[in-house]
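Spelled out, the chains give:
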Amino acid sequence: MTGTFTPSTQYLDRPGGRLAFDDTVQGGGAPVVLLPGMLDSRAAYRHLRPLLVAAGRRVITLDLRGFGESSIAWDDYSPAAIATDVLALLDHLGIDRAALVGNSYTGATVVKVAGDAPGRVAGIVLLDAFVENVPPNALNRAMFAVMGALLVHSPAFWGLYHRRMAYPGAKPADFDAYVDGLVAAMRTPGRKQATRGYVRGDSAPTGWTAAVTCPALVVMGGKDPDFSDPELVADRQAAALKARKVMIEGAGHYPMADRPQATADALLPFLAELS
C-alpha cells in the first residue's frame, strides 16, 4: 500500500446521529485510530496519515460528533460520549484492540477509552492534549469563557486563532484553504449547537489517567500557544500515564499538520512496540 492511497468515506449509525470515518483496511500491527480536536475534522490528519500508511499501518480516521461529515445535532459532545463512539467503531469494524491517538480535546477521549475498556486498547497517544493540564486560575477561567463565547458567535475568531496562534512556525502548503474550510463549516446552519457543546465540554477532566494501564506516548509541540508552559504539561501527562514524552521543536497545537514527519517519527517506534 502506498502513502497516496485515499480511502472513501464510510458511516456508522449511532443513537442520535451518524458518524463519518475512513479506513485504509490494510496494514500490519494494531490498527491506529486518529481522533481530531474540537471543531475540526478527520482531515486534520491529512498530512500524517499518508506517512503512517506508507510505514505499513492500518489507519482509521473519525469525524467527531457535529463536525466533518458526521451529523451535526447530538445531545452530548463530551469526551466521554466520543469515547463510546470509538468503542462502537471498533465493534463495527471487528477490531479487538487498537492504538488510539487523540489531539487536543480528544486526548481526554483516548484516556477514557483506555480506562474503561483496557482490553480494547493497545496503547494511547496524546497529541497536545489538555489532560493533566495545569489548573487554571481565575484570570484563565475568565479568558476561556470569553474565547468560548467568541467561538460560538463569531466563526471568524476560529480562523484568527489558527492564523495567528496555533501555527507559530511552518504552515502546511494547503493552510489557507484548510482554515477557510474550518470557518465555513462553523457557519453551516445548526453548527452553533455543536460548537457550543464542545466549548462547554470538559477537555481536561481530572482523575481519568489513574485507570489507564496500557502503554502511552505524550507528544507536545514546543511552541503550543494553548499552554503557558507546554513541556510542563507534557511532563505532568507523562508522569500520570507513566508514558514516554516527545517534544517537537517549533510545533504548535497541531503537530500532525505543521510537523507531520516529526510526528510520524515519534509515533511509529511506539506503534511498532505495541505490535
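Structure: above.
Keep in mind it's a predicted model, so treat the numbers as computed, not measured.

### Side note on the packing of helix α5 (residues 155-166) against helix α6 (residues 175-186)
And then number 1: Where α5 contacts α6, the two axes come as close as 8 Å, and the packing angle between them is 155°. By the criterion of interaxial angle, the relationship of α5 to α6 is roughly antiparallel. At the point where α5 passes α6, the crossing takes the right-handed sense. Contact with α5, carried on its side by Pro-155, Ala-156, Trp-158, Gly-159, His-162 and Arg-163, involves Phe-175, Asp-176, Val-179, Asp-180, Leu-182, Val-183 and Met-186 of α6 and no other residues of that element.
And then number 2: Looking at the contact of α5 with α6 residue by residue, the class counts come to 8 nonpolar, 2 polar and 3 charged.

### Overview of the sheet that holds strand β4 (residues 57-62)
Pairing between the strands of a sheet comes from backbone hydrogen bonds, and it takes one of two forms, parallel or antiparallel.
And then number 1: Taken in spatial order, the 8 strands make up an open sheet running β1-β2-β4-β3-β5-β6-β7-β8, and their pairing is mixed. Every other strand in the sheet has two partners, leaving β1 (10-14) and β8 (244-248) as the edge strands with one partner each. Each adjacent strand pair in this sheet contributes to an overall mean axis angle of 20°, direction not counted.
And then number 2: Pairing between strand β7 (residues 216-221) and β8: 5 bridges, direction parallel. What sits directly across from Val-218, in β8, is Lys-245.
And then number 3: Sheet strands in contact with helix α3 (residues 107-116) are β3 (28-35), β5 (98-103) and β6 (121-127), and its direction is about 160° off that of β6.

### Structural notes on helix α7 (residues 191-199)
And then number 1: Listed in full, the buried residues belonging to α7 are Arg-191, Ala-194, Thr-195 and Tyr-198. Angularly, the buried residues of α7 cover 100° about the axis, an arc narrow enough to put them on a single face.

### A short note on the side chain of Ser-104
And then number 1: Looking at the secondary structure, you find Ser-104 in the loop between β5 and α3.
And then number 2: Those residues in contact with Ser-104, other than ones at most four positions away along the chain, are Gly-37, Leu-127, Asp-128, Ala-129, Phe-130 and His-253.

### Overview of the side chain of Thr-209
And then number 1: Tracing the chain through its elements places Thr-209 in the loop between α7 and β7.
And then number 2: On the accessibility criterion, Thr-209 (7% relative accessible area) is buried.

How each quantity is defined
Residues numbered from 1 in each chain as written. Predicted model: local features only at pLDDT ≥ 70, side-chain atom pairs only at ≥ 80, totals over all residues. Heavy atoms only, no water. Axes fitted to C-alpha atoms, helices over the stretch in contact; angles between N-to-C directions. Helix = DSSP H or I, 4+ residues; strand = E, 2+ residues; numbered from the N terminus. Parallel < 35°, antiparallel > 145°, perpendicular 65-115°, else oblique. Left-handed = near helix turned anticlockwise from the far one by under 90°. Contact = heavy atoms within 4.5 Å. Nonpolar A, V, L, I, M, F, W, Y, C, P; charged D, E, K, R; others polar. Pairing = 2+ DSSP bridges. Buried < 20%, exposed > 50% of the residue type's maximum accessible area, 1.4 Å probe, protein only. Arc of directions from axis to C-beta.

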